[in-house]
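An overview of the molecular structure
Chain by chain, the residues run as shown.
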Amino acid sequence: MSFMAHVASFEGPMDLLLELIRKREMDIYNIEIHTIVEDYLGYLNGALDPSMESLSDFIYFASYLLAIKSRMLLPKPPTLEREEEEDPRKELVDALLIYQMVKEAVGILKERGEEEEKAVYRLQEDYSPPSPLEQLKDIEAESLRDAFVRIMKRHALHEAAREELGRIPQNPFTFAQGMEKMRLVFGQRRSVLFSELLASSTSNDEILTLFLIVLEEMKQQRLEAEQDHLFSDIRLTRRSA
């Protein structure tokens, strides 16, 4: 069957048939073949130009529809009365579903192509890393001192945590424990920083388990993550039911 002929606003027989089904508000899986054949032939009688090269495509498809109609009118052989006979419309329905799916995909690609044509792109800037002098030229000594103090405080906390962990028995942290911790945290608060969630972790197992649970909760759309800017802390928010 040919799908590319142009008649009026239809791109081919399949396009015309889908429009007739839509107007009749029929279920595509249960096409009323007698009605749709009459509509199709009626459209051909009033819309086609006999000089059109695509006329043969529509006439061929009309004969295909008439063949289906004839098969449905024929009485079933006695041997098939107790058996389930294949619906003569099945091949047509399958073809219509595939055509409809392809047509929708073409429409999406066309829209994206039109959007792409309207896009204006900036030329790539120089992404070479700046020199150390350029990085420090606008920084005052006081800012460097504050940054150094913050780093030392973090280092002290890190070392204290390592010593504390050395005194804690390393028991495997289970998925059930992780879910219970998530339930307790988000039972008290709707939003929490990712660093806060992991702050009380006592092992790599616990950190990894909580991280995997967060990913799964985001995948199930029960949590959403927000970040103000690059490298900033991530805020986890429990979504409303």
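Described in the following lines is the structure provided in the data block. (Residues numbered from 1 in each chain as written. Predicted model: local features only at pLDDT ≥ 70, side-chain atom pairs only at ≥ 80, totals over all residues. Heavy atoms only, no water.)

**What about the packing of aromatic side chains?**
Going through the model one piece at a time under the given rule, you end up with three aromatic pairs. Centroid distance Tyr40 to Phe61: 5.8 Å. Interplanar angle 50 degrees. Geometry classified as tilted. In this pair, Tyr40 sits in helix H2 (residues 33-47) while Phe61 sits in helix H3 (residues 55-73), placing the two residues 21 residues apart along the sequence. Looking at Tyr40, the relative accessible area reads 1%, which means it is buried. These aromatic residues form a ring-pair network of at least three members: Tyr40, Phe61 and Tyr64. (Phe/Tyr/Trp six-rings, centres within 6.5 Å; stacked < 30°, edge-to-face > 60°. Helix = DSSP H or I, 4+ residues; strand = E, 2+ residues; numbered from the N terminus. Buried < 20%, exposed > 50% of the residue type's maximum accessible area, 1.4 Å probe, protein only.)

**Quick word on a negative patch on the surface**
Taken together, the side chains of Glu111, Glu114, Glu115, Glu116 and Glu117 present a region of like negative charge at the surface. Tracing the backbone shows Glu117 in helix H4 (residues 90-118). (Patch = residues over 30% accessible without salt bridge, like charges linked within 9 Å, V, L, I, M, F, W, Y side chains within 5 Å. Areas by Shrake-Rupley, 256 points an atom, 1.4 Å probe, with all protein chains shown as cover. Salt bridge = Lys/Arg side-chain N within 4 Å of Asp/Glu carboxyl O. Lys, Arg positive; Asp, Glu negative; His and termini not counted. Charge placed at Lys NZ, Arg CZ, Asp CG, Glu CD.)

**A look at the pattern of salt bridges**
A full pass over the atoms with the stated rule returns 10 salt bridges. Glu196 is the salt-bridge partner of Arg189, the closest N and O atoms lying 3.2 Å from each other. The exposure class assigned to Glu196 is partly exposed, which follows from its relative accessible area of 35%. Between Arg239 and Glu224 there is a salt bridge, with the nearest N and O atoms lying 3.3 Å from each other. Placement of Arg239 in the segment after strand S3 (234-238) and of Glu224 in strand S2 (residues 223-227) is noted, with a sequence separation of 15 residues between them. According to the relative accessible area criterion, Glu224 is partly exposed, its value standing at 31%.

**Topic: unusual backbone geometry**
One non-glycine residue, Glu25, lies in the positive phi region at around 55 degrees. For Glu25, the location among the structural elements is in the loop between helix H1 (13-24) and H2. At Gln221, a residue that is not glycine, the phi angle is positive and equals roughly 65 degrees. Among the structural elements, Gln221 can be located in the loop between helix H9 (204-219) and S2. Residue Gln221 is classed as exposed on the basis of its relative accessible area, which comes to 56%.

**Focus: the nonpolar core**
Formed by 25 residues in total, the largest nonpolar core has its most connected members in Ile36, Tyr40, Leu92 and Leu96. Contributions of two or more residues to this core are made by H1, H2, H3 and H4. Setting aside residues up to four positions removed in sequence, Leu92 forms contacts with Leu17, Ile31, Ile33, Phe61, Tyr64, Leu65 and Ile68. Grouped together as the second largest cluster of nonpolar side chains are 12 residues, Phe186, Phe194, Val214 and Leu223 included. (Core = buried A, V, L, I, M, F, W, Y, C linked by side-chain atoms within 4.5 Å. Contact = heavy atoms within 4.5 Å.)

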